[in-house]
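Coordinate analysis (summary)
Okay, here's what each chain looks like letter by letter:
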Amino acid sequence: MSTGSRNTWEAWARSVPPLACVSTREPCPDPMATATRLARAGLAGQYVVYEADGGVWHFAAGSDVSVTADTGGITARAAGRTWTSRTDGRPLAAFAGALSALRDEDDEGSRGEENAGGRHFYGWAAFELAHLLHADPASAGDRPLLHAMVPSVEVTLGGDSTVVRAVDEAWARKVADLLAEPAAGQPSARDEPVREGTEGIIAAGSAAYGRAVARTVGDIRAGLLEKAVVSRKVPLPAERHPDFPATYLAGRRANTPARSYLLDLGGYRAAGFSPETVLEVGDDGRVSTQPLAGTRALGADPAENERRRAELLSDPKEIHEHAVSVRLAWDEMAAVCSPGSVVVEEYMAVRPRGSVQHLASRVTGRLRPDTGPWDAFASLFPAITATGVSKPAALQTLARHEDGPRGLYGGAVFRGSTGGALDAALVLRTLIGTGDEAWLRAGAGVTTQSSPEREIEETCEKLRSVAPHLRFSAD
């Protein structure tokens with residue numbers, strides 16, 4: 001491999017314990033609530049809840065095994081030891097190389113793991129990784145860009161069964177005890193919703209955002225780019241402390257996401273309801289991406305929703321925005337897929353996503369023999385619907401007009417396997433926290449036909465997928 005030492009990662013992989021204890025239990029009646037309860041239990045320093053396709057929830061926890069990469073270096077940890085290497089400005093290649101060593105260990109048959117598809121890992125990619133992949137490396141900053149955890153325990157909560165995989169009997173017993181506990185009774189004080197101030201939270205910073213939209217329209221009319229997805233950050237009051245598990249449970253009950261996630265991982269906390277995937281790669285090499293662009297509000301009145309749906313399907317600005325996103329997604333898929341395999345399986349359907357409805361398409365293909373899931377990730381990340389067209393020009397525009405780095409917003413939360421699968425959710429409609437700070441963020445696709453007023457309203461519509469469901473700790 002071109003970044004990092006193969007011997008380094010092989011030594012790290014040999015230190016990663018297998019999930020040797022496997023048990024199957026009856027399905028849980030409410031897998032979402034069960035996964036959230038496991039997250040709240042504080043089993044380990046890091047955890048992830050990841051809702052996959054088909055109504056399956058995965059809970060993973062651990063603190064011993066991780067990989068973190070930035071522009072300059074990569075650090076892997078396992079068994080109380082640390083391995084480091086340079087990335088030479090290619091953190092994604094180094095990150096993929098480290099994780100591939102786990103696959104090599106599986107291939108040698110040394111794991112003895114009853115886990116079809118190989119060992120799983122969970123992680124995130126920060127938006128600023130995009131600057132290294134497509135634009136100005138100097139804009140990537142010096143913060144971590146990629147982080148993954150290999151869990152000590154993993155629980156898969158499906159409709160037919162609950163499967164627990166753990167590194168040893170002690171971990172298995174901890175989870176078994178939690179699963180055996182009766183479901184929680186009445187909501188505690190921390191679960192009470194925010195009944196006042198939601199619209200005030202949503203409106204914060206809207207005037208400055210309108211000016212950023214106007215400047216971006218000027219850039220587009222000057223021929224610098226075709227589209228940019230300009231976003232605004234909405235800080236939450238410093239004196240309030242969000243309860244991330246309670247917010248996740250309340251928000252997921254009210255939303256209809258493509259994926260959802262709850263995590264405390266690699267310095268970020270997040271509770272999110274992703275409207276689309278950046279990519280989905282199967283063990284068989286089939287890859288797909290799901291661009292969503294074009295938005296209208298979705299409320300309680302069916303007749304009004306249908307009127308807005310018809311308006312969405314006939315609005316020239318929204319159709320143009322969507323079409324250019326699908327065109328670029330096709331080009332990015334073609335760069336890593338076998339010739340002739342890329343197709344648009346669905347075009348301009350309307351999908352409900354919580355407080356909004358979107359135009360949605362799906363582009364699929366089959367990876368070439370010389371490419372893998374991380375090659376596809378490098379081509380498709382970040383999602384075109386979170387950046388713009390062209391990506392390099394859009395990234396430069398966002399660096400000029402947005403208020404600071406995005407961090408997790410517009411990046412990805414993912415679940416992958418050593419067998420070659422990778423499922424990456426686009427980080428939108430998400431409560432994000434780091435340190436003592438917590439915030440929401442939302443954006444809108446800006447084209448030559450955009451007006452600041454409409455794009456401000458679109459960000460408000462999207463923020464209503466999360467803001468009304470915020471829960472704060474009782475203290």
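Every chain is numbered on its own, with residues counted from 1 as its sequence reads. Only residues with pLDDT of at least 70 get local features here, since the model is predicted, and only at 80 or more are side-chain atom pairs given and counted; chain-wide, interface and lining totals rely on the full set of residues. The basis for every side-chain value is the complete set of non-hydrogen atoms in the structure, without hydrogens or water.

1. Quick notes on the side chain of S417
Note on placement: S417 falls in strand β20 (residues 412-417). Pairing of N or O atoms within 3.5 Å defines a polar contact, subject to two protein rules: one partner must be a possible hydrogen donor and the other a possible acceptor, and residues neighboring in sequence count only if both atoms are side-chain atoms. At a separation of 3.2 Å, a polar atom in the side chain of S417 contacts the main-chain amide nitrogen of G419. Strands here are runs of E lasting at least two residues and helices are runs of H or I lasting at least four, both read from the DSSP assignment and numbered beginning at the N terminus.

2. Notes on the side chain of S288
Positionally, S288 belongs in strand β15 (residues 286-289). We call two residues in contact when some of their heavy atoms are within 4.5 Å. Look past the residues within four positions of S288 in its chain and what remains in contact with it is V278, L279, E280, M333, R362, V363 and T364.

3. Quick word on a nonpolar patch on the surface
The residues that make up patches have over 30% relative accessible area and no salt bridge, and they are joined within 9 Å when like-charged or within 5 Å when they are Val, Leu, Ile, Met, Phe, Trp or Tyr. Per-residue and other accessible areas follow the Shrake-Rupley method at a 1.4 Å probe size, with only the shown protein chains counted as cover for residues. By convention in these notes, a salt bridge is any Lys or Arg side-chain nitrogen within 4 Å of a carboxyl oxygen on Asp or Glu. Together, W330, V344 and Y347 make up an exposed nonpolar region whose accessible area comes to about 290 Å². Counting through the fold element by element, W330 comes out in helix α10 (residues 316-334). For W330, a relative accessible area of 37% puts it in the partly exposed group. Three labels apply to residues, based on accessible area from a 1.4 Å probe with only protein chains included: buried if under 20% of the type maximum, exposed if over 50%, partly exposed otherwise in between.

4. A short note on helix α7 (residues 206-221)
With 16 residues, α7 should reach 22 Å at 1.5 Å per residue; the first-to-last C-alpha distance of 23 Å fits that figure. Buried within α7 we find S206, Y209, G210, A212, V213, T216, V217, D219 and I220. Close packing links the buried residues of α7 with α6 (198-203), β11 (227-235), α12 (391-401), β23 (437-446) and α13 (452-463). A positive phi of about 85° marks G223, the residue just after α7. Multiply 1.5 Å by the residue count of a helix minus one, and that product is the helix's expected span.

5. Here's the deal with the sheet that holds strand β13 (residues 268-274)
Any two strands are treated as partners once DSSP identifies two or more bridges connecting them. In space, the 11 strands of this open sheet follow the order β1-β10-β9-β3-β2-β12-β13-β22-β23-β11-β19, with antiparallel pairing throughout. Two strands lie at the open edges of the sheet, namely β1 (21-25) and β19 (388-389), each paired on one side alone. Relative to strand β10 (residues 162-166), β1 runs antiparallel, the two sharing 5 bridges. Bridged to T24 within β10 is V163.

6. Quick notes on the packing of helix α2 (residues 31-40) against helix α8 (residues 244-254)
Helix axes are fitted to C-alpha atoms over the stretch in contact, other axes to C-alpha atoms as well, and angles between N-to-C directions run from 0 to 180 degrees. Closest axis-to-axis distance for the α2/α8 pair is 9 Å, and the angle between their directions is 170°. What the angle tells us is that α2 and α8 run roughly antiparallel. In terms of crossing hand, the pair formed by α2 and α8 is right-handed. Touching M32, A33, T36 and R40 of α2 are P245, A246, Y248, L249, R252 and R253, all from α8. Looking at the contact of α2 with α8 residue by residue, the class counts come to 6 nonpolar, 1 polar and 3 charged. Any angle from 65 to 115 degrees is called roughly perpendicular, while one under 35 is roughly parallel, one over 145 is roughly antiparallel, and all others are oblique. Each helix crossing is assigned a hand: it is left-handed if the near helix lies turned anticlockwise from the far helix by less than a right angle, otherwise right-handed if that turn is clockwise. Any residue outside Ala, Val, Leu, Ile, Met, Phe, Trp, Tyr, Cys, Pro, Asp, Glu, Lys and Arg is labelled polar, Gly included; the first ten of those are nonpolar and the last four are charged.

7. Digging into the packing of aromatic side chains
Two aromatic rings from Phe, Tyr or Trp, using only the six-membered ring of Trp, form a pair when their centres are within 6.5 Å; if the ring planes differ by under 30 degrees the pair is stacked, by over 60 it is edge-to-face, and anything between is tilted. Counted according to the given criterion, the structure contains 10 aromatic pairs. On the numbers, 6.3 Å between centres and 20° between planes, the contact of F121 with W374 is stacked. Of this pair, F121 sits in strand β7 (residues 120-125) while W374 is found in helix α11 (residues 373-380), placing the two residues 253 residues apart along the sequence. F121 sits in the buried class, given a relative accessible area of 4%. You can call W374 buried: its relative accessible area is 13%.

8. So, the pairing of β7
The buried count for β7 comes to 6 of 6 residues, which makes it a mostly enclosed element. Side chains of β7 alternate between two faces, with H120, Y122 and W124 and F121, G123 and A125 buried alike. Here β7 pairs with strand β8 (residues 146-149) via 4 bridges, running antiparallel. Each bridged residue has a counterpart across the sheet, and for A125 the counterpart in β8 is L146.

9. Here we look at unusual backbone geometry
Trans is the prevailing form of peptide bonds, just as negative phi is the prevailing case for residues other than glycine. The step from F381 to P382 runs through a cis peptide bond, and the omega angle for that step is -15°. By secondary structure assignment, the location of P382 is in the loop between α11 and β19. Of note, the bond from V389 into S390 is cis; its omega dihedral lies within 30 degrees of zero at -15°. Unlike most non-glycine residues, D88 shows phi in positive territory, near 50°. When you line up the elements, D88 lands in the loop between β6 (81-86) and α3 (91-107). Exposure remark for D88: the relative accessible area of 48% places this residue in the partly exposed category. The backbone phi angle of R429 is positive, close to 50°, even though this residue is not glycine. The residue R429 is located in the loop between β21 (422-426) and β22 (430-434) in this model.

10. Topic: the environment of R471
Considering the arrangement of structural elements, one finds R471 in the segment after α13. Counting along the chain gives 224 residues from R471 to T247, while the straight-line C-alpha distance between them is 5.0 Å.

11. Details of the nonpolar core
By size, the foremost hydrophobic cluster in this structure holds 73 residues, and its most contacted members are W12, F95, L279, W374 and F377. In terms of residue count, the dominant contributor to this core is α3 (8 residues). Sequence-distant contacts of W12, defined by excluding residues within four places in its chain, comprise V65, S66, V67, A76, R77, A78, W83, A98, L99 and L102. In this text, buried Ala, Val, Leu, Ile, Met, Phe, Trp, Tyr and Cys residues form a nonpolar core when linked through side-chain atoms within 4.5 Å.

12. A closer look at helix α9 (residues 302-314)
An ideal rise of 1.5 Å per residue puts 18 Å on 13 residues; α9 measures up with 19 Å between its terminal C-alpha atoms. Regarding α9, its N-cap is D301, as a side-chain oxygen of that residue lies 3.0 Å from the backbone nitrogen of A303 further along.

13. Description of the pattern of salt bridges
Counted according to the given criterion, the structure contains 36 salt bridges. The partner of R406 in a salt bridge is E402, with the nearest N and O atoms 2.8 Å apart. The exposure class assigned to R406 is buried, which follows from its relative accessible area of 3%. A salt bridge links R441 to D403, with the nearest nitrogen and oxygen atoms 3.0 Å apart. Taken together, the residues R441 in strand β23 and D403 in the loop between α12 and β20 connect sequence positions 38 residues apart. Look at the salt bridges and you will find they share partners, linking K227, R296, E304, R307, R308, E311, D315, K317, E318, E321 and E455 into a network.

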